[in-house]
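# Structural characterization, general
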Amino acid sequence: MVNRKGVFIGAYVPNELKESLRRRAALEHRTLSQEITRILIEAVHGQGLPVGSVDRRDGNSMPRRRATDPLPRRRADDLPFISPEKDK
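Attention in this report is confined to the structure presented alongside it. (Residues numbered from 1 in each chain as written. Predicted model: local features only at pLDDT ≥ 70, side-chain atom pairs only at ≥ 80, totals over all residues. Heavy atoms only, no water.)

Quick look at the overall build of the chain now. Along the chain, the regular secondary structure elements total two helices and zero strands. Within the span of the chain, comprising 88 residues, buried residues form 7% of the whole. (Helix = DSSP H or I, 4+ residues; strand = E, 2+ residues; numbered from the N terminus. Buried < 20%, exposed > 50% of the residue type's maximum accessible area, 1.4 Å probe, protein only.)

This next bit is on the pattern of salt bridges. For the structure shown, the criterion picks out six salt bridges. Taking the shortest distance from any N to any O, the salt bridge between Glu-19 and Arg-22 comes out at 2.9 Å. Here Glu-19 and its partner Arg-22 are both found in helix H1 (residues 15-27), three residues apart, which amounts to about one turn of the helix. The partly exposed category is assigned to Glu-19, whose relative accessible area is 33%. By relative accessible area, Arg-22 is classed as partly exposed at 40%. The residue Glu-28 makes a salt bridge to Arg-30 at a minimum N-O spacing of 2.4 Å. Ionic contacts of the salt-bridge type, sharing partners, join the residues Arg-24, Glu-28, Arg-30, Glu-35, Arg-38 and Glu-42 into one network. (Salt bridge = Lys/Arg side-chain N within 4 Å of Asp/Glu carboxyl O.)

Written as structure tokens, this is what we have:
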């Protein structure tokens, strides 16, 4: 038997729910246990990153867009901003 790091949580669920979870797990190439774990993690800790994404940010890094950035936020290569008030 495999040495598992965790705890077994027993729960009675309807067969339809178990089958739908099993199908969903199979679509994403996971086991039923991995799918249930993922759902529980999202329920406790909030929505995670999309499948295949890697969070490369440092724990202390600032958000990429800060509230202090001047509006309108534009990239340097974009066309200059022309406000609607500057009509001819």
